[in-house]
Amino acid sequence: MSLSILILLLLTLPQVRQEYPLKNGRPTTKGIEQYVEENEASMIKEFQDFIGDTLYNIYIYTEDLTENGYFDPMELGRYFPNEIFITNTEVFMAYELSRLTRRGRDTVSASNLFVKSTVFHELTHHFINQVSVEMSQIEQIGVNRAYQTFFRIYRDQSDIGSKFIEEGICEYVTGKMGEIIPPVKPFIPKSKADLIDEENSFNVYYKYSSYYLSDFLDAVGIKRGIKILLHNPPPSSEEILNPELFFTRLRGID
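My aim in this report is to walk through the structure given alongside it, one point at a time. Keep in mind it's a predicted model, so treat the numbers as computed, not measured.

## Structural notes on the overall build of the chain
What the chain contains, in helices and strands, is 11 helices and five strands. Per-residue burial for the chain yields a buried fraction of 48% across its 254 residues. Within the chain, counting contacts between residues at least 6 apart in sequence, those at least 24 apart form 66% of the total. As presented, the chain carries roughly 13700 Å² of accessible surface, and 53% of it is formed by carbon and sulfur atoms.

## So, the side chain of His231
On the secondary structure map, His231 appears in helix α9 (residues 222–231). Relative accessible area serves as the criterion here: at 18%, His231 is assigned to the buried category. Of the polar contacts made by the side chain of His231, one reaches the backbone oxygen of Gly142; its length is 2.7 Å. Beyond its immediate chain neighbours, meaning those up to four positions away, His231 contacts Met135, Ile141, Gly142, Asn144, Arg251, Gly252 and Ile253.

## What about the packing of aromatic side chains?
Under the counting rule described, the total for this entry stands at 16 aromatic pairs. With a centroid separation of 6.5 Å and 35° between ring planes, the pair formed by Tyr208 and Tyr211 is classed as tilted. With Tyr208 and Tyr211 both in helix α8 (residues 201–220) and three residues apart, this pair spans about one turn of that helix. Exposure remark for Tyr208: the relative accessible area of 2% places this residue in the buried category. Aromatic side chains Tyr208 and Tyr212 sit 5.7 Å apart centroid to centroid with 70° between the ring planes, which places their arrangement in the edge-to-face category. Residue Tyr208 and its partner Tyr212 are located together in helix α8, separated by four residues, close to a single helical turn. Taken together, the ring pairs in this structure connect Phe164, Tyr208, Tyr211, Tyr212, Phe216, Phe246 and Phe247 into an aromatic cluster. The ring of Tyr205 has Lys163 sitting right over it, with the charged end atom 4.4 Å from the ring centre.

## Some remarks on the side chain of Asn200
By the secondary structure assignment, Asn200 is in the loop between α7 (192–196) and α8. In contact with Asn200, not counting residues within four places along its chain, are Phe187 and Asp194.

## Examining the nonpolar core
Counting 54 residues, the largest nonpolar core has Phe47, Leu123, Ile165 and Leu229 as its most contacted members. Put simply, the parts of the chain that give this core at least two residues each are α2 (29–51), β5 (83–87), α4 (115–138), α6 (160–176), α8 and α9. Apart from residues lying up to four places away in sequence, Ile165 is in contact with Tyr147, Tyr212, Leu213, Leu229, Pro235 and Phe246. Formed by seven residues, the second largest nonpolar core is a distinct cluster that contains Ala94, Leu97, Val108 and Phe114.

## Details of unusual backbone geometry
Phi is positive for Asn24, which is not a glycine, with a value near 55°. Residue position: Asn24 is located in the loop between β1 (22–23) and β2 (26–27). Its identity as a non-glycine residue notwithstanding, Asn57 has a phi of 50°, on the positive side. Of note, Asn57 is situated in the loop between α2 and β3 (59–63).

## Regarding α8
In this model α8 runs 27 Å from its N-terminal to its C-terminal C-alpha over 20 residues, within 8% of the 28 Å that 1.5 Å per residue would give. Of all the bends in α8, the largest measures some 45° and sits at Ser214. One or two steps after α8, the chain reaches Gly221, where phi turns positive at roughly 95°.

The rules behind these values
Within each chain, residues carry numbers counting from 1 in the order of the written sequence. Totals for whole chains, interfaces and linings use every residue, but because this is a predicted model, local features are given only for residues with pLDDT of at least 70 and side-chain atom pairs only at 80 or more, for both listing and counting. Excluding hydrogens and water, the side-chain values take into account all heavy atoms of the structure. Think of it this way: any DSSP run of H or I at least four residues long counts as a helix, any run of E at least two long counts as a strand, and we number them from the N terminus. Between buried and exposed lies partly exposed: a residue is buried under 20% and exposed over 50% of the maximum accessible area for its type, with that area taken using a 1.4 Å probe on protein chains only. For this analysis, residues touch if any pair of their heavy atoms sits within 4.5 Å. Only the protein chains shown count as cover for residues, with accessible areas throughout obtained via the Shrake-Rupley method and a probe of 1.4 Å. Polar contact is defined as a pair of N or O atoms within 3.5 Å, subject to the rule that within protein one atom must be able to donate a hydrogen and the other to accept it, and that residues adjacent in sequence are counted only when both atoms are side-chain atoms. Paired rings are identified among Phe, Tyr and Trp, the last through its six-membered ring, by centres lying within 6.5 Å, and are further divided according to the angle between planes into stacked (under 30 degrees), edge-to-face (over 60) and tilted (the rest). Note on geometry: a ring has a charge over it if NZ (lysine) or CZ (arginine) is within 6 Å of the ring centre and within 35 degrees of the ring normal. Residues belong to a common nonpolar core when they are buried Ala, Val, Leu, Ile, Met, Phe, Trp, Tyr or Cys residues joined through side-chain atoms within 4.5 Å. A helix is expected to reach a length of 1.5 Å times the quantity of its residues less one. One fitted axis covers the seven residues ending at a residue, a second covers the seven starting there, and the bend at that residue is the angle between these axes.

Remember, this is a structural readout, not a statement about activity or role.
Have a look at this one:
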């Protein structure tokens, strides 16, 4: 058999998907660590291909986030400049949405509890940070103080506007990449009380925010949309409740 025929046969053979350990149908700590380590490069490439841009100097790790300072019970990953930490606690439904059984999909109305979607969410945080650096240091475009690196990482937990926008961008991108199960009907807050109610936190910051930004980002594109959002002050509570107020005051970057 010639070498060319052998290579052709190898290329046409069905690819065997790497399986990772499960416990009661869910990813294990060791499995999460193995999955992230083995797929880091391919996930970064897939993200870059989707956004049409290059990510620089980003490293992904796994650890138990409950043992590392402030912990938000909703937190599946944590971003610091150039570093992403994915929780290795056994809270995920599956390693990625494509590995969730059909029965699992049919019984879940909405979820982002996937290792791969968490990586993409945190990579978007890095991309936002990278865009802000490009704006301020290369393009000489102003970045609003609320979105500057120090204030983004160490902002007051009560500063809802900038968090709302940044998490919304991350969920929008992850959703567009097809790695989460979006809600059929998003929660839409009606009052300031809805915004500050801790029981609504996930739906406000991760689901409503993505819905809030979707038409805008669809229209202008991800990178340009990020630049416009970072250039302007984040929305007030009134503007979160009334999107038209926010989008009509946005100033362009041209």
